[in-house]
Structure formats: structure tokens, C-alpha cells
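Next come the chains, spelled out residue by residue.
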Amino acid sequence: MPSDIPSSRRDTILERLSAGQPVRSGALAVEFGLSEDAIRRDLRSLAAEGLCRRVYGGALPVVTGATPMAERVGEDVQRKQALAGAALSLIEPSSFVFVDNGSSNLALVEKLPPYLNLTIATSSITIAAALQQRDDIDLLVVGGMIDRMVGGAVDGTAIEAILRLNIDLCVLGACAVSVAGGVSAYDLADATFKRALTARSRRTIVLATNDKLGRRARHRVCGIDKLAQIVVEHDADADCVRDLTETGATIVCAQT
């Protein structure tokens, strides 16, 4: 236990986080009669232990089921590359594409051929970095406060920016995909951002690794009927694929 956080204050903060409540630095400072700087130091210490997620103005509970973007990039690389290869045929030349946060979506932009003449928008710092040297792609970066768990900006500033866009194709990141739950996300802000994205997009597709199929996260983004295509792995669960197909979804299967 960090020596610089009195146990009573630490227990109070952790109790609220464990209950799924966000905590605000200003409110805690008033409650404990401390400066906001002192509370921010407490929250940084708890975040370093993996007990909360630091955000502007306070901290959020750690989201069960989510993995930071920086970790996801190195997982199942070949499977994500296979999904990306299958998704390339869904991208129309000379179109305006929004690539949402996600490691499978990163694999897609890394595979883009030079002749598509695309304009790509993203709020992902990793995806933007992968595209910044591409002189064949016009790149628009949507700004805002970076959520390190998500891997990009999903706050009100980012939403305000995308509400001014007319997007031809959205490559939507998804935490979970199922008939009952639709496309869903673990983080509320991320889900809100994704809803705004789908509303501003003429077509939306999802690249879904096997671990996301048949699952449901707590925050619904959209129904399966809002997706033009779902790209799945070659060995995706047959029952999940059948259920999705029966709703009218168009399934694109990646090659081995």
C-alpha cells in the first residue's frame, strides 16, 4: 500500500470505484479538506497500481473485459492481418473513410494499397501515426483528450468534430458483437462516440475477431442491422455466424 495515501482516504476512493462510480478531484478535495494537487497525486498512485483509470478531472473504474490499446496491438497479429485483408475489398476508391480506434483497424490501414486515393479520418493516435508518412492518403485527425485505454479521443470535443463530417465508410471498432447485444463497448464514452460515428456514416463495417463474437458489453452502440458487413475469421464459431446471418447480416469470411 502506498505510504503517501492514508488508509481511510484510500479505502473511501476505492470503495466508490469498486461500485462503478467515477471520482472527481475537485469533489474529493472538498470532502477531505485537501488541495486538488494532493488528490491528483492519490489518483496517480492508484492508477499506477492498476486500480483506476486517470481521466481529466478525476478517475474512472477499471473496465472489466477491456485491454489497453497498446497491449492489443501485439496480440493475434496474423489473425488481425487476415481480417484486414478480407476487409480491403469493402473499401471504395476515392472515398472518405473513418477508421475507429482498434487493433484490427490498425492492421487494416497498414495493408491499404497505394492506389485507392482515400481520405481517412481517425481519432486514434496509433492509426494516425501509421498513416502520417503516406503521401497517397489525405489524413484528418480528430482531436480531443486521449483515452489511453481506448487508444484515441472519444470525448465531447471528438464527437463535436465528427458531427460535421459526411463519412462514406466507417470502420467501426467493436468490443463485442452479438445478435442480442448488437455492437457494444465496455466504456461509456467510447460507446457514445461510436454511436455518433455510425450516425454520420453512409456505411459501417466491423472487423470481429473470434473473442468478440457472441459477446455483449454493457454499452450498446447499434444493432446488427446497422452494419453493411461483418468481417469474421476463417474459423469463427459457426453458431454465432449462423445467428448473425439469420438477422440479414452480410458476413465476409477471412482466409487462413
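Look up a bit, the structure's there.
Residues numbered from 1 in each chain as written. Predicted model: local features only at pLDDT ≥ 70, side-chain atom pairs only at ≥ 80, totals over all residues. Heavy atoms only, no water.

An account of the packing of helix α5 (residues 77-87) against helix α6 (residues 103-111) is needed here, citing residue identities and associated values.
Two elements in contact, α5 and α6, have axes whose closest approach is 8 Å; the angle formed by their N-to-C orientations is 60°. In this view, α5 runs oblique relative to α6, as classed from their interaxial angle. Every pair of crossing elements has a handedness; the one defined by α5 and α6 is right-handed. Between α5, through K80, Q81, L83, A84, G85 and A87, and α6, the contact on the second element is made entirely by S103, S104, A107, L108 and K111. Along the lines of polarity and charge, the residues of the contact of α5 with α6 split into five nonpolar, four polar and two charged. (Axes fitted to C-alpha atoms, helices over the stretch in contact; angles between N-to-C directions. Helix = DSSP H or I, 4+ residues; strand = E, 2+ residues; numbered from the N terminus. Parallel < 35°, antiparallel > 145°, perpendicular 65-115°, else oblique. Left-handed = near helix turned anticlockwise from the far one by under 90°. Contact = heavy atoms within 4.5 Å. Nonpolar A, V, L, I, M, F, W, Y, C, P; charged D, E, K, R; others polar.)

Can you tell me about the environment of I13, naming the residues and giving the values?
Its place among the elements puts I13 in helix α1 (residues 7-18). For I13, a relative accessible area of 0% puts it in the buried group. A sequence separation of 15 residues divides I13 from L28, and the C-alpha atoms of the two residues are 8.6 Å apart. Apart from the residues lying within four places of it in its own chain, the contact partners of I13 are V23, L28, L43 and L46. (Buried < 20%, exposed > 50% of the residue type's maximum accessible area, 1.4 Å probe, protein only.)

Outline the nonpolar core, listing residues and values.
Residues F98, V177 and I230 are the most contacted members of the largest nonpolar core, which totals 36 residues. When residues no more than four places from it in sequence are discounted, the contact partners of I230 are V177, V206, A208, I224, L244, A249, T250, I251 and V252. Ranked by size, the runner-up nonpolar core spans 26 residues in total, among them I120, L169, V171 and A254. (Core = buried A, V, L, I, M, F, W, Y, C linked by side-chain atoms within 4.5 Å.)

Quick rundown of the pairing of strand β12 (residues 201-208)? Include the residues and the values.
With respect to burial, β12 is a largely interior element, seven of its eight residues being buried. As judged from the five bridges shared by strand β9 (residues 167-172) and β12, these two strands associate in the parallel manner. Within β12, the position partnered with L169 by the bridge is R203. Across four bridges, β12 lies against strand β14 (residues 229-232) in parallel orientation. When the sheet's bridge partners are listed, A208 is paired in β14 with V232. (Pairing = 2+ DSSP bridges.)

Break down the pattern of salt bridges for me, with residues and values.
Summed over the entire model, instances satisfying the criterion amount to 15 salt bridges. R79 is the partner of D235 in a salt bridge, and the nearest nitrogen-oxygen pair spans 3.0 Å. In this pair, D235 sits in the loop between β14 and α10 (238-246) while R79 sits in helix α5, placing the two residues 156 residues apart along the sequence. Of the residues examined, D235 reaches a relative accessible area of 36% and is grouped as partly exposed. With a relative accessible area of 33%, R79 lands in the partly exposed category. One salt bridge connects R242 with D239, and the closest N-O pair in it is separated by 2.7 Å. Taken together, the positions of R242 and D239, both in helix α10 and three residues apart, correspond to about one turn of that helix. According to the relative accessible area criterion, R242 is partly exposed, its value standing at 41%. (Salt bridge = Lys/Arg side-chain N within 4 Å of Asp/Glu carboxyl O.)

Give a detailed account of the sheet that holds strand β13 (residues 219-222), specifying residues and quantitative values.
Taken in spatial order, the three strands make up an open sheet running β10-β11-β13, and their pairing is antiparallel. At either end of the open sheet lies a strand with only one pairing partner, and these are β10 (176-178) and β13. Pairwise comparison of adjacent strand axes, ignoring direction, gives a mean angle of 35° for this sheet. With three bridges joining them, strand β11 (residues 182-185) and β13 adopt antiparallel strand pairing. Opposite A185, over in β13, you have H219 as the bridge partner.

Such coordinate-based values are descriptive only and should not be taken to indicate function.
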